[in-house]
Each structure stands twice: as structure tokens, then as C-alpha cells.
Amino acid sequence: MSKTKHQKLASLMQDMLQDLEDYHLRVAKQLNLVQLHFYEPYALFGRPLMKLSALHAMFCTYYINLQILASSSSLRAICRELPMLGAIIKRPVYLTSECFVSSGEEAWMVPWRVRVVLPEDNQSKLERSQAQALLYCPLPDEISNEIDWFEKAMAADSLTHQFLSIIEHERRSAIVRKNLLKNPCSIWEEAKERWHAAPTEESDPDAVYDLASEPQKVDDIDFAPAEGQSLALAYEAVMRSIRTRSCRHRQPLRTIYKEALERAMFEDVPWDDAEKTAFLKEWKSNFFKQSEAISQKPTKTPKKPLKQGRWNQCAGVDDITASNLIKYFITEFIANPRNKKAGEIACVLLILVWIAQEGDNGPLAIPKVLQLTTKDIASEDDTVVIGRVETIVSWGLKQLLECLRGKGEGKRGLRLFASLDPSGKALERALIEASKKILPEGASPVLPAAFLISPHVYQGVRMSSAQRNAMRSAKPIVPLRHMSYDIKKALLNIKERKILKKPLFKPPTPFFE
């Protein structure tokens, strides 16, 4: 007797979970080694670089000492049973007190430290990677592609990147502070020269007349810089003049002078126009003691306050929570393929995750997904038509949807999720029940709208759509370093990992039993 389409869907979901489990078990097995991360606690400039023979000797010394002199018997046993991998890790930042420069032909004693990374240290990362892979819903050859979804957020959340960002922000702020202490008199003279340039059709006739008659009067206006004044005070004088609408007959001169001050203010600061505008807007708001956006915003009738509980339930969740909710419905469906709602809910939630990754289609996205028909599933490519908008999905999710479509071509246009009502009430109730079983006691349930916000990497945190979109569109202060994730991605994609089955440096035979 042939299987029904829901039985085929359950079988395919079971294969997908098994593939993910087998894949990450293989990765965990390949990473079942002890890593020695060598690093220098001090920055020594002018010293000769370490030779490979010296590094080999240092690795072998630690290799043997850990097996004999490790602090705990369990650590000694681990180091005897597992292979080791050695690597030099370069610290990105050193304090001034940790930096030394050679002044002659000294003899250098280079201190090295080592950090021992055991296999269980990578376990949490592998569990998160498996949860992220389930959200991607991959075929076997698509596993590890989910890293592209989350690596930017993971790199930005790292302590190294945050530390480097703080240092870079302070460096740029120091340059701005230094520029704000400049003398603006030379900038004022250059602005007057531009203003008093040779007459053209667009020249100010008053400027030409004043230059010819009484040029000293130009320095008597309220935004002209005083002797010994800083650039910051000169710029605030220009802002005050604009605010009070004084000296309007000198508007061309004031514009030229203001633009010249802003160029000098941001000299040698690698900010784009948006960052400069934001800095000046904040300065203007603080200078006049009120928000410019609020002062220009028309008064409106206050809206009714949103119900806080409902608002929290629609906020975005982290990647592990989203994955656990989807896995809950998949597991329920595999256990009982007659529970058609569970399998269809899992497919709906996976589609919502892909919509959130590709871009929010608005508040009608959930009803549109629930009203998908067999006509909306094209067999030629990896897209699904949702409300006349093509949304890219993984080939793994595409196969699940094709199971629901059946063997036909979909010409009749039957609803894919026929077990769920188009209003979304059944979907909402099912998610609330699943939240009670998965989330900690007292936590707000998760509603379907939460899946329209791209899952983030901050475990246990609820995030609004505006917060998540701002996070995804934010430009990093310093370039994101994907070193750890690049290594992980390479490990996941390498089929032959023979190098990991033996130490990086071949150690001598241990002299213990």
C-alpha cells in the first residue's frame, strides 16, 4: 500500500533530522582532539621570529607534560587518549605596558603561554550549529550553509570584535576632539575669500559691494570667530546664528563657512556621510536642549497603549528557541503522521524563517503563507510564490513542500496546509501549547509573528522587529573577523579530514606506560 503525502512528509522529515544528527556527530568525532593555542603575553618588537624547530620543541614539551604533569587525572587521561592540534593564536590588542621595543643587540627571552581547549569546549558551539542548520532546513549537501545566516552576528557578538570596536571608536573620537580644538580663523579667512571671489552671475552683489567699501564690517557679524576661539565654539556660534535667524543677509557666507568648519571637523576621520550627519544632528539636539526630530513632529492623538503581553509574544526569539519549537512539531509529526497539523505547522514556521531572512513582506505574510496552494510551488527552481512575491527557500524545504503538493502539477490549486484554518488561530494555539512545554516556566509564549523576525544569537532574549532590522543593517565600526567561523565552515565542508587524525607536530613516543 502506497504512502499518503503526509506519511511521505514524515519520512522525509525523519531523514532530514537523521542527516543533521549524523553530520554533526561526524564533525564532533573529527573535533575530538585537544587543541593547544599558543600566544605571546607581550608584544616584543625587533625580536627574531620563532623558528619551526623551536615551535616543534615547545609543542612536544606541552604534549608530554600534559600527559604526565596535568593538574587532574581526568585531564591526563584525555591527553593520553586523544590526538593534539597546535596553533599559534595572535592577540589582536596589547596594552601599552605589554609592548617592548628593541634598542640594540639584546638577547631576547620570549615568554609564551598556552591555552588548552578540550573537546567538550566545542560541544555548545556544535549544538548551536545543529539548531541553526534545522532552521535552514537543508538537504545533505546544503548542511553548513546556515553559517552564512548567522556568522555576522556571531562575529559581531564576540568579545574581540567588541573590544576592537571600542578602541576604534575612541580613536576616532580622539581625532574629532583634536580637530575641534583647532583655530577657526584661517577657515574664516578662506571662507571670506570664497565669498568675495570674482563676481559671477550667481555672486552675491552685497558681498562685492561690502568688499569694495568696508571689508572690516564683515568681521562684525555674530558668527565671525573671535581670536583664540576653538573650532567647536565657532561652529556653535554658526548654529546659534541659524537658530535665531540673525544675519540673514549673510546667508551665502554663513553656508560657505559652516561647510568649511564641518570639513575641518571630520578631517582624517573615516566616517561616511550618514555617520557625520548623525553626529551633527546629535550635537544640534544637545546644544538646543531638545530633539530636532521631536520639535518638527506634528502633535497627534495618543494611541492606546499596546498590551505588553501580546507585544512580548510577537517579539523575535533566538535561533535555539526557534529551532526547538520547530523540532517539537517535527518530532510530534514523525511520531504520529496522522497528526497532520503538526507537520504542516513545521513547514509554515520554516517558510516564515525564510521570509524573515529574505525580507519582511508585511503583516499579511502569515495569512498568505497559510493560503499557499499547489500552484505556488514551482518545481523548476528553489522559490515559493507568496502573495505574488517569489521567496527563495532551501532545496530541503522545497522537497517538504513538494510532498504536500503531491504527484500532480498543482493545476487545481488546492491549499497546501488544508489542516490549518486560513485565519491562523489553530497555528497560534499550537504555538502557545508548544511554548509551555519548551520555554522556561513563566516565560511569554511565542506567537507566529515572532518567526517573521529573523532569529538572533542572543539566547533567551526577545527582540522587536525594529531592533533586529537595525542590528542586521548596522555597519560595523571595524571589519568583522570571521576567523573562528571560517575555520568551522572549512571543517564542516571538508570530506577528507585526515590531518585531524594525528597531531599537527609529530610528538615523540611518550616514556610512560
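Residues numbered from 1 in each chain as written. Predicted model: local features only at pLDDT ≥ 70, side-chain atom pairs only at ≥ 80, totals over all residues. Heavy atoms only, no water.

(A) Fine view of the confidence of the model for the protein. Within the protein, residue pLDDT values average 80, and 82% of them lie at 70 or more. Here residues 291–295 is a poorly scored stretch, pLDDT under 50, and it has 5 contacts once near neighbours within four places are set aside; other chains count. (pLDDT = per-residue confidence, 0-100. Contact = heavy atoms within 4.5 Å.)

(B) Fine view of the sheet that holds strand E5 (residues 113–117). Read from one edge to the other, the open sheet built from 3 strands follows the order E3-E1-E5, with strand pairing classed as mixed. Sheet topology places strand E3 (84–88) and E5 at the edges, where each strand pairs with a single neighbour. In this sheet, adjacent strand axes meet at a mean angle of 20 degrees when their direction is disregarded. (Pairing = 2+ DSSP bridges. Helix = DSSP H or I, 4+ residues; strand = E, 2+ residues; numbered from the N terminus. Axes fitted to C-alpha atoms, helices over the stretch in contact; angles between N-to-C directions.)

(C) Just the pattern of salt bridges, in detail. This structure, assessed with the given rule, holds 9 salt bridges. Measuring nitrogen to oxygen at the nearest pair gives 2.7 Å for the salt bridge that ties Lys258 to Glu262. With Lys258 and Glu262 both in helix H10 (residues 251–265), this residue pair falls 4 residues apart, about one helical turn. On the basis of relative accessibility, which here comes to 16%, the residue Glu262 falls in the buried class. A salt bridge links Glu433 to Lys436; its shortest N-O distance comes to 3.7 Å. In this pair, Glu433 and Lys436 both sit in helix H18 (residues 425–438), 3 residues apart, roughly one turn of the helix. The exposure class of Lys436 is exposed, given its relative accessible area of 57%. (Salt bridge = Lys/Arg side-chain N within 4 Å of Asp/Glu carboxyl O. Buried < 20%, exposed > 50% of the residue type's maximum accessible area, 1.4 Å probe, protein only.)

(D) Structural detail: the pairing of strand E7 (residues 389–392). The pairing of strand E6 (residues 383–386) with E7 spans 4 bridges and is classified as antiparallel. Bridge pairing in E7 links Thr383 to Ile392. If you look at the hairpin formed by E6 and E7, you'll find 2 residues sitting between the two strands, and Gly387 has a positive phi there, around 60 degrees.

(E) Local environment of the side chain of His6. As for its position among the elements, His6 is in helix H1 (residues 5–30). Here His6 is in contact with Phe333, Pro337, Lys340, Glu344 and Leu404, once residues within four sequence places are set aside.

(F) Just the packing of helix H14 (residues 319–335) against H18, in detail. Packing of H14 against H18 brings their axes to within 10 Å, and their N-to-C directions diverge by 110 degrees. Taken together, the axes of H14 and H18 lie roughly perpendicular to each other. Contacts between H14 and H18 involve Asn324, Leu325, Tyr328 and Phe329 from the former and Ala430, Leu431, Ala434, Ser435, Lys437 and Ile438 from the latter. Of the residues assigned to the contact of H14 with H18, the class counts are 7 nonpolar, 2 polar and 1 charged. (Parallel < 35°, antiparallel > 145°, perpendicular 65-115°, else oblique. Nonpolar A, V, L, I, M, F, W, Y, C, P; charged D, E, K, R; others polar.)

(G) How the structure looks around unusual backbone geometry. In the Ramachandran plot, Cys137 falls in the positive-phi region, its phi being about 55 degrees despite a non-glycine side chain. Assignment of secondary structure puts Cys137 in the loop between helix H4 (123–136) and helix H5 (147–156). Judged by its relative accessible area of 0%, Cys137 falls in the buried class. A positive phi angle is found at Asp268, which is not glycine, with a value near 65 degrees. Along the chain, Asp268 turns up in the loop between H10 and helix H11 (273–287).

(H) A look at H14. Its 17 residues place the ends of H14 24 Å apart at the C-alpha level, agreeing with the 24 Å of an ideal helix rising 1.5 Å per residue. Within the sequence span of H14, burial applies to Asp319, Ile320, Thr321, Ala322, Ser323, Leu325, Ile326, Tyr328, Phe329, Ile330 and Phe333. Those residues of H14 hidden inside the fold are in contact with H1, H4, H5, helix H15 (340–358) and H18. Between the side-chain oxygen at the start of H14 and the backbone nitrogen of Ile320 there is a gap of 3.2 Å, and the oxygen is on Asp318. (Expected span 1.5 Å × (residues − 1). Polar contact = N/O pair within 3.5 Å; in protein donor to acceptor, adjacent residues only side chain to side chain.)

(I) Representation of the packing of aromatic side chains in the model. According to the stated counting rule, one finds 16 aromatic pairs in the structure shown. Pairing Phe59 with Tyr63 gives two aromatic rings, centres 6.2 Å apart and planes at 25 degrees, and the pair type is stacked. Taken together, the residues span about one helical turn, with Phe59 and Tyr63 both in helix H2 (residues 52–69) at a distance of 4 residues. Assessed through its relative accessible area of 0%, Phe59 is described here as buried. Geometrically, the ring pair formed by Tyr235 and Trp283 is tilted, given 5.0 Å between the ring centres and 40 degrees between the ring planes. Highlighted residues: Tyr235 in helix H9 (residues 231–244) and Trp283 in helix H11, separated in sequence by 48 residues. (Phe/Tyr/Trp six-rings, centres within 6.5 Å; stacked < 30°, edge-to-face > 60°.)

(J) Structural view of the packing of H1 against H4. Contact pair H1 / H4: the axes reach a minimum separation of 11 Å and the direction vectors enclose 150 degrees. Relative to H4, the element H1 lies roughly antiparallel. For H1 against H4, the interelement crossing comes out right-handed. Where H1 approaches H4, its residues Met16, Leu17, Leu20, Glu21, His24, Val27 and Ala28 are matched on the opposing element by Leu126, Ser129, Gln130, Ala133 and Leu134. (Left-handed = near helix turned anticlockwise from the far one by under 90°.)

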